[in-house]
Amino acid sequence: MAKLPKPSELALDYTLPKKGWMDAAVDFRPGTWSHAARAKNLEAAGLPNARQWSPADSDWKLPSNWKQIIFEGMRERLEKFRSLRIFMDICVRCGACADKCHFYLGSGDPKNMPVLRSELLRSIYRGEFTLAGKIMGSIAGARELTENVIKEWFYYFFQCTECRRCSVFCPFGIDTAEITMIGRELLNLLGLNIDWIAGSVANCRHTGNHLGIQPHAFKNMIEFLADEIEAVSGVRVQPTFNRKGAEILFITPSGDAFADPGTYTMMGYLMLFHEMGLDYTFSTYASEGGNFGMFTSHEMMKRLNAKMYAEAGRLGVKWLLGGECGHMWRAVNQYMDTMNGPADFLEVPKSPVTGTIFDNAASTKMVHIVEFTADLIRNGKLKLDPARNDNLVMTYHDSCNTSRGMGFFEEPRYVIKSVCNKFHEMPPETIREQTFCCGSGSGLNNDEFIEMRMRGGLPRANAVRHVEERHGVNALSCICAIDRSALTTLMDYWVPDVTVYGVHELVGNALVMKGESERTSDLRGDPLPGMEASEDENI
Amino acid sequence: MNFIMSLVAVLALVLTAFLGIEAAGLRTFFSMAVPYVAFTLFIAGTVYRVLAWASSPVPFRIPTTAGQQKTFPWIKRNRFDNPANKKEVLGRMILEVLLFRSLFRNTKAEIEKGPKLYYQWEKWLWVGGLALHYSFLVILLRHLRFFTEPVPFFVQALGGMDSFLQVGLPGIYISDSVFMLAVIYLLVRRLIIPTVRYISLPGDYFPLILMLAIGVTGILTRYFTRVDLLKVKQLALGLAKFQSSAPEQVGTIFYIHLLLVCTLIAYFPFSKLMHAGGIFLSPTRNLPNDSRIRRHVNPWDYPVEVQTYAEYEERFREKMIEAGLPVAKEIAAGGPAVYPLTKK
Ligand code: SF4
Ligand code: SF4
């Protein structure tokens, strides 16, 4: 792991280099790039040019016809994606997007301005696919494709979290996330991926989830969490797995099953489902909500996502319920039905508790757990005791993907305010559609990238610190599995007194269950407000 | 450097027209051939570009959502920033095209020691952009009076309104002043904001300097060198009707103005100025966020290799049975089959 400077020593330098940006040479400084995909993972994922290599090497062992592969890849994608074609042509370099990217704000590296990130690809496009670029070269903004350009692409396309913040501000809606996605597709044609993504993709393909959890281990883990719930509440929940004929198939990121603090969120789901008597099942085959294929290529996204509908069909469920996750929900909302639908073998989702029909999911047949819960609360189906969360002064982080790839703002706030008494928003320029990324999205939440993650997370952390200082906020909630893990690291670094919670963990805390024993601790085993004394007595 | 290059290019154009008329007397060439060629390039180029864009399909529905989506009736949704149907998309597009909605969101980030970030009010780019586009539009419409006989009522009215404020010179057009100020602002901004200067290409300076020169020569024609406007009108009408002769005794400054305008027209489709057309086709803006409600079809969709449940169970059957997980096929005598991974 690269050495991470202390927050006070992290240099922020916005001076621009003397050399113009067309010079492609990149300094691969540790902490700012991710390890190369290992040969075995590329192979297992079915990706080309599997070999041992490192970005720090001078020879990247590209296939001998790499230039041709890139140009053909670009041509194919220009013909397939109108987005790419338009975004290659219409940027006016107004600079409105420049200071909107968290990686630029946190690093001062001009090539992290969305406009230049796109120009890295655009300059090659101009040189090869436009007349002006062919004739006038650099005067028309064109560059020659060299190995250095490929290295630069690798560095900067794996330094973009595909958060789409830039695209909100661009007067033409140019979405650098889309350019990054396609840029990564091109890199993958040469076997250039990062291991954190390729490894997760390989795992997901073979075991059904990113973490490579095998079926028995998945079941054990959920049952372990059921034990924990019993210890806290005295209620025994009974999750089922791969059960045919269940009404609902529930899919959430595997991080919720295996990584703290996601596990507490999972406990919240389990408690809620039990209390509502939901006829649902987990699947060990489709045990991943997230989709690291999305960070590789459109094709890989489709391949990994296919398991959801396939499993729903095999088990004969009526509809799908999805857990708290960011990029999973961009995939579900904007891609799933197109890629793997039509899901005409499923029914339009209907809450078995309230009878609400989810028209907004009429075609995909997949409902967001926070929508589901918001509907329950609205219809008075949950008995809640928000005072149990009174030790938390809460704020809420909008995930990039649910915000700018969906528009999911009110439901989570409604649920949080129903289960927490103390809630304060961060400044308006840092939430909702303008939300700042955790700095670790799109498959970049690995250890070796740590310095850049802390830099990229700076604007988010700053906004949290603002409400911490002003309102005494000590808790940050979110609806994303990567956030739960990444924001925890980020808070430890920048705002150490703030703890990260999933929304359904808070629901689990506040939920008054039938037949529960008096609760003295929250789902983490920490004393509930007012119970600290009784804990002490026990000691 | 990029700025100088563009400046030189525009000056070269000015010089070309000047010498062409003064020294070579190529009046017919500059008043007839150049406009026709420019116009042809404009039409052909624009059609080509738009067709090229339109020929690529929109495989996925990827609007950038900037407001609450449509869910429950009791949750207030944002129809314009997160449209759920075509009608609402139209609203979003009108706001984008006519009012530059997205640019209006602009803020400026400032960082202080700590580090502490601030986001400041920054609407000048929006103001400058709007000013430039609308004044350009008014000027364009005003010029219709050269191409029409009788001059349509709205063109006359526009001219009247435009010269309503009489600042200094009699009948000075507001649109001219706004246009010049906006172009100068955008140019200066490009030169003095370090990041914007860093990203600027020759193709970013050139149109601005060109427009500046067009503005200056246009104003000169009108107020200072007293170009015979009747002659100009004859020429314009003739051009529009494809029957014209090069007028004599029209000042050289007019020919310079004309050449610069023709350059802008011809340059338009081959440059970033095509953003004017691209915005209409931008998939992050012109699609409703309704892909959970209605299925969007990808015309080039193709089947992909997926690990099936059967393959999965084949691999883990033993462990699944041990863990009490249901399996479709019990283990046959002789132990589990080898996991057959289908290679692509
Ligand atoms: S805001 Fe859009 S047009 Fe302006 S520089 Fe950025 S990508 Fe280009
Ligand atoms: S998508 Fe996000 S990370 Fe990528 S360039 Fe835009 S603002 Fe930066």
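Residues numbered from 1 in each chain as written. Chains lettered and ligands numbered in written order. Predicted model: local features only at pLDDT ≥ 70, side-chain atom pairs only at ≥ 80, totals over all residues. Heavy atoms only, no water.

Asks: How should I be thinking about the overall build of chain A in this particular structure?
Replies: Secondary structure summary: chain A contains 23 helices and seven strands in total. C-alpha atoms of chain A, sized along the principal axes, occupy 75 × 50 × 40 Å. Among the 539 residues that make up chain A, the fraction classed as buried is 69%. Partitioning the intrachain contacts of chain A with sequence separation of at least 6 by distance along the chain shows that 77% fall at a separation of at least 24. Just so you have it, chain A exposes about 16100 Å², and 49% of that area is on carbon and sulfur atoms. Here chain A contributes 58 positive and 67 negative side-chain charges, whose respective centroids are spaced 6 Å apart. (Helix = DSSP H or I, 4+ residues; strand = E, 2+ residues; numbered from the N terminus. Buried < 20%, exposed > 50% of the residue type's maximum accessible area, 1.4 Å probe, protein only. Contact = heavy atoms within 4.5 Å. Areas by Shrake-Rupley, 256 points an atom, 1.4 Å probe, with all protein chains shown as cover. Lys, Arg positive; Asp, Glu negative; His and termini not counted. Charge placed at Lys NZ, Arg CZ, Asp CG, Glu CD.)

Asks: Help me understand the site of ligand 2, please; the structure alone is not making it clear to me.
Replies: Residue and element names in this part refer to chain A. Neighbouring ligand 2 are Cys101, His102, Pro114, Arg117, Cys160, Thr161, Glu162, Cys163, Arg164, Cys166, Thr176 and Ala177. Looking at the shell around ligand 2, the elements with two or more residues in it are helix H5 (114-129) and helix H9 (176-189). The residue inventory of the shell around ligand 2, partitioned by class, reads six nonpolar, three polar and three charged. (Near = heavy atom within 4 Å. Nonpolar A, V, L, I, M, F, W, Y, C, P; charged D, E, K, R; others polar.)

Asks: In this structure, what is going on with the domain arrangement of chain A? I would like to understand it.
Replies: Reports of interface size often rely on the accessible area that becomes lost once the parts have come together. All names here are of chain A. Its domain assignment divides chain A into domain 1 (9-30 + 48-192), domain 2 (207-378) and domain 3 (386-510). Its C-alpha centre places domain 1 at a distance of 35 Å from the equivalent point of domain 2. Across the boundary between the two partners, domain 1 contributes nine residues, which contact nine residues of domain 2. A combined buried area of about 760 Å² lies between domain 1 and domain 2, and 49% of that area is made up of carbon and sulfur atoms. Looking at the side of domain 1 facing domain 2, the largest losses of area belong to Arg164, Met181 and Glu185, adding up to 54% of the total buried there. Along the contact surface separating domain 1 from domain 2 lie zero salt bridges. Taken together, the connections running from domain 1 to domain 2 amount to three residue pairs in polar contact (both at pLDDT 80 or more). Classifying every residue of the side of domain 1 that touches domain 2 by side-chain character gives three nonpolar, one polar and five charged. (Domains from an automatic or database assignment. Buried area = accessible area lost by both parts, 1.4 Å probe. Salt bridge = Lys/Arg side-chain N within 4 Å of Asp/Glu carboxyl O. Polar contact = N/O pair within 3.5 Å; in protein donor to acceptor, adjacent residues only side chain to side chain.)

Asks: What is the right way to read the site of ligand 1 from this model?
Replies: The local shell around ligand 1 consists of Cys91, Val92, Arg93, Cys94, Gly95, Ala96, Cys97, Val115, Cys170, Pro171, Phe172 and Ile174 of chain A. Here the shell around ligand 1 is composed, by residue class, of ten nonpolar, one polar and one charged.

Asks: Hey, could you run me through the interface of chain A and chain B in this one?
Replies: Contacts between chain A and chain B engage 112 residues on the former and 94 residues on the latter. Summed over the shared surface of chain A and chain B, the result is eight salt bridges. Between Asp204 of chain B and Arg93 of chain A there is a salt bridge, with its nearest N and O atoms 2.7 Å apart. Between the two partners, chain A and chain B, sit 69 residue pairs in polar contact (both at pLDDT 80 or more). The element that contributes the greatest number of residues to the side of chain A that touches chain B is helix H15 (residues 327-340) of chain A, accounting for nine residues.

Asks: Mind showing me how you'd approach the sheet that holds strand E1 (residues 248-251) of chain A here?
Replies: The pairing of strands in a sheet comes from backbone hydrogen bonds and takes either a parallel or an antiparallel form. All names here are of chain A. The four strands lie next to each other as E2-E1-E3-E4, forming an open sheet whose pairing is parallel. Sheet topology places strand E2 (280-281) and strand E4 (366-368) at the edges, where each strand pairs with a single neighbour. Alignment of E1 against strand E3 (residues 319-322), held across four bridges, turns out to be parallel. Looking at E3, one finds that Phe250 is bridged to Leu321. Against the sheet, helix H16 (residues 369-378) makes contact with E1, E3 and E4, and its axis sits at roughly 70 degrees relative to E4, the strand it touches most. (Pairing = 2+ DSSP bridges. Axes fitted to C-alpha atoms, helices over the stretch in contact; angles between N-to-C directions.)

Asks: Got a minute to help me understand helix H21 (residues 481-494) of chain A in this structure?
Replies: The periodicity of an α-helix, 3.6 residues per turn, causes residues three or four places apart in sequence to face the same way. Residues and elements named next belong to chain A. Taking 1.5 Å of rise per residue, the 14 residues of H21 would be expected to cover 20 Å, and the 20 Å separating its terminal C-alpha atoms lies within 8% of that figure. Burial runs high along H21: ten of the 14 residues are buried. Residues of H21 that are buried include every one of Ala481, Ile482, Asp483, Arg484, Ala486, Leu487, Leu490, Met491, Tyr493 and Trp494, and no others. (Expected span 1.5 Å × (residues − 1).)

Asks: For this particular structure, what's the right way to read helix H11 (residues 215-233) of chain A?
Replies: Counted at 1.5 Å a residue, the expected span for H11 of chain A with its 19 residues is 27 Å, and the 27 Å between its end C-alpha atoms agrees. Those residues of H11 of chain A that sit buried are Pro215, Phe218, Lys219, Met221, Ile222, Leu225, Ala226, Ile229, Val232 and Ser233 of chain A. Burial along H11 of chain A is one-sided: seen end-on, the buried residues are contained in an arc of 160 degrees. Those residues of H11 of chain A hidden inside the fold are in contact with helix H12 (255-258) and helix H13 (262-276) of chain A together with helix H14 (309-322) of chain B. The positive-phi residue at the C-terminal boundary of H11 of chain A is Gly234 of chain A, with phi of around 80 degrees. (Arc of directions from axis to C-beta.)

Asks: Just checking my understanding: could you explain the nonpolar core for this structure?
Replies: As a rule of thumb, soluble globular proteins bury nonpolar side chains together. Judged by nonpolar contacts, the single largest core of 170 residues is most densely connected at Ile150 and Trp153 of chain A. In terms of residue count, the dominant contributor to this core is helix H12 (residues 252-267) of chain B (ten residues). (Core = buried A, V, L, I, M, F, W, Y, C linked by side-chain atoms within 4.5 Å.)

Asks: Help me understand the packing of aromatic side chains, please; the structure alone is not making it clear to me.
Replies: The relative placement of two aromatic rings is captured by the distance of their centres and the angle of their planes. Residues and elements named next belong to chain A. By the definition in use, this model includes 49 aromatic pairs over all chains. On the basis of an interplanar angle of 80 degrees and a centroid distance of 5.3 Å, the ring pair of Phe28 and Tyr155 is categorised as edge-to-face. With Phe28 in the segment before helix H1 (39-45) and Tyr155 in helix H7 (residues 147-157), the pair connects residues that are 127 residues apart, well separated along the chain. Among the residues examined, Phe28 registers a relative accessible area of 16% and is labelled buried. Given the relative accessible area of 7%, Tyr155 is considered buried. Taken together, a centroid distance of 4.9 Å and an interplanar angle of 50 degrees make the contact between Trp53 and Trp60 tilted. For the residue pair Trp53 and Trp60, the accessibility class agrees, reading buried in each case. Through pairs of rings, three or more aromatic residues link up here, namely Phe28, Trp33, Trp53, Trp60, Phe154, Tyr155, Tyr156 and Phe158. (Phe/Tyr/Trp six-rings, centres within 6.5 Å; stacked < 30°, edge-to-face > 60°.)

Asks: What's the story with a nonpolar patch on the surface in this structure? I'm lost.
Replies: Residue and element names in this part refer to chain B. A cluster of nonpolar side chains, contributed by Leu90, Ile94, Leu98, Leu99, Tyr134 and Leu137, occupies part of the molecular surface with about 550 Å² of accessible area. Elements with a minimum of two residues in the nonpolar patch: helix H3 (86-99) and helix H5 (124-142). When residues in the nonpolar patch are grouped by element, the largest group, four residues, is from H3. Mapped onto the elements, Ile94 comes out in helix H3. (Patch = residues over 30% accessible without salt bridge, like charges linked within 9 Å, V, L, I, M, F, W, Y side chains within 5 Å.)

Asks: Would you take a moment to explain the environment of Ala56 of chain A for this structure?
Replies: All names here are of chain A. In this fold, Ala56 is placed in the loop between H1 and helix H2 (66-80). Overall, the relative accessible area of 53% leaves Ala56 in the exposed class. Sequence separation between Ala56 and Asp27 is 29 residues; the distance between their C-alpha atoms is 9.1 Å.

Asks: I would appreciate a short explanation of the sheet that holds strand E5 (residues 394-396) of chain A in the present structure.
Replies: Residue and element names in this part refer to chain A. Reading across from one edge, E5-E6-E7 is the order of the three strands in this open sheet, with parallel pairing throughout. Taken across any chain shown, the strands that pair with only one partner, and hence form the sheet edges, are E5 and strand E7 (499-502). Neighbour to neighbour, the strand axes of the sheet diverge by 35 degrees on average, direction disregarded. Across four bridges, the pairing between strand E6 (residues 475-478) and E7 is parallel. What sits directly across from Ser477, in E7, is Tyr501. The strands that H21 touches are E6 and E7; relative to E7, the one it contacts most, it runs at about 170 degrees.

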